[in-house]
Amino acid sequence: MSKKKSIIAVLIAVIAIVLGWYFLYFTKTPVYSLNLARESVEKHDVVTFKKHVDVESIVGSGYDDFVEVQMNDPLIKDNPFKGFAEAMFRGLKPQIVPALSQEIYNGIEKKPEDSNQNTKTKEATNEVKEKTGVKDLEFKSIGSATVDGESAIVPIIFNSKDLNQEVTFNLGMKKLEDGTWQAIKVNNFKEYIDLVNKNEKNKTNKN
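Residues numbered from 1 in each chain as written. Predicted model: local features only at pLDDT ≥ 70, side-chain atom pairs only at ≥ 80, totals over all residues. Heavy atoms only, no water.

Running from N to C, helix α4 (residues 55–71) and helix α6 (residues 82–109) cross one another at 150 degrees; their axes reach a closest spacing of 9 Å. Judged by the angle between their axes, α4 and α6 are roughly antiparallel. Both α4 and α6 take part in a crossing whose hand is right-handed. Among the residues forming the contact of α4 with α6, the class breakdown is 14 nonpolar, two polar and six charged. (Axes fitted to C-alpha atoms, helices over the stretch in contact; angles between N-to-C directions. Helix = DSSP H or I, 4+ residues; strand = E, 2+ residues; numbered from the N terminus. Parallel < 35°, antiparallel > 145°, perpendicular 65-115°, else oblique. Left-handed = near helix turned anticlockwise from the far one by under 90°. Nonpolar A, V, L, I, M, F, W, Y, C, P; charged D, E, K, R; others polar.)

The next point concerns the pattern of salt bridges. Pairing is possible between side chains that carry opposite charge, provided their charged atoms lie close to one another. Tallying each qualifying case throughout the model produces 12 salt bridges. Here arginine 38 and glutamate 42 are joined by a salt bridge, their closest N and O atoms 3.4 Å apart. Of this pair, arginine 38 and glutamate 42 both sit in helix α2 (residues 30–42), four residues apart, which is roughly one turn of that helix. Glutamate 42 sits in the exposed class, given a relative accessible area of 55%. Note that lysine 140 and glutamate 166 form a salt bridge whose closest N and O atoms lie 2.0 Å from each other. (Salt bridge = Lys/Arg side-chain N within 4 Å of Asp/Glu carboxyl O. Buried < 20%, exposed > 50% of the residue type's maximum accessible area, 1.4 Å probe, protein only.)

The topology assignment puts threonine 132 in helix α7 (residues 119–132). Classification of threonine 132 by relative accessible area gives buried; the value is 3%.

Turning to the packing of aromatic side chains, a few remarks are in order. Under the counting rule described, the total for this entry stands at seven aromatic pairs. Judged by centre distance (6.0 Å) and plane angle (80 degrees), the rings of phenylalanine 139 and phenylalanine 158 are edge-to-face. Note that phenylalanine 139 is positioned in strand β1 (residues 137–142) and phenylalanine 158 in strand β3 (residues 151–160), a separation of 19 residues in sequence. Given the relative accessible area of 42%, phenylalanine 139 is considered partly exposed. In this structure phenylalanine 158 comes out as buried when scored by relative accessible area, which is 18%. (Phe/Tyr/Trp six-rings, centres within 6.5 Å; stacked < 30°, edge-to-face > 60°.)

Now for the nonpolar core. Ranked by size, the top nonpolar core spans 40 residues in total, and within it Phe169 and Tyr192 carry the most contacts. If one sorts the elements of this core by residue count, α4 sits on top with eight residues. Discounting chain neighbours no more than four positions away, the residues touching tyrosine 192 are Thr132, Gly133, Val134, Leu137, Leu163, Val167 and Phe169. (Core = buried A, V, L, I, M, F, W, Y, C linked by side-chain atoms within 4.5 Å. Contact = heavy atoms within 4.5 Å.)

Turning our eyes to something else, we now look at the confidence of the model for the protein. Averaged over all residues, the pLDDT of the protein equals 82, while 84% of them reach at least 70. Element-level pLDDT for the protein is lowest in helix α1 (residues 3–24), with a mean of 49, against a maximum mean of 95 in strand β5 (residues 181–186). Long-range and interchain partners of residues 16–25, a stretch whose pLDDT sits below 50, account for four contacts in this model, where long-range means more than four residues apart. (pLDDT = per-residue confidence, 0-100.)

Turning next to the pairing of strand β4 (residues 165–175). In the case of a regular strand, side chains alternate between the two sheet surfaces. Pairing analysis gives 10 bridges linking β3 to β4, with the strands arranged antiparallel. Residue serine 160 lies in a different strand from β4, and its bridge partner there is glutamine 165. Joining the antiparallel neighbours β3 and β4 is a turn of four residues, in which asparagine 164 adopts a positive phi near 60 degrees. In this sheet, β5 lies alongside β4 in antiparallel orientation, the contact comprising five bridges. Bridge pairing in β5 places lysine 175 opposite tryptophan 181. (Pairing = 2+ DSSP bridges.)

Have a look at this one:
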């Protein structure tokens, strides 16, 4: 075999190995699934996005974390009306979670805002978005996954204009039957909300 043919044979072998790794391994990683979700947003493909991101689960657990942080605020924690406030927050969850989830889906599909949404629900969802600072976040990058059997944690990095810093969300994921992955929870959302609250208090004190 000539030297030229030998080089070509080696290149073919390398390409075959790379493609094999890509289809047998990388396409089954959590990061690959998150990239599919990111691309689905760009393509306005809600079906693919829903497969790899359980929006209702993420929004629901995030709302629970939001309520817990609010209830631990010194102004509320020792307040005699804390129980009433907590019951009110918890009672809003069945309206807020679907409303916020649908807002995300509409954003992906580029659909107009739902004009039929209940006014009180709309005000409550806007307040949650404002107090959690999620409206201020800009996606930056996806980090390396830590996989433990059927579960994984992937750091997702955002820029926060209001906080003037990067914020890393540890995204919990589960393995699906076809070997791909789905995001189900932001594991450190409470810590992020605490950071947002401290930043707001600092700004208030300066004023």
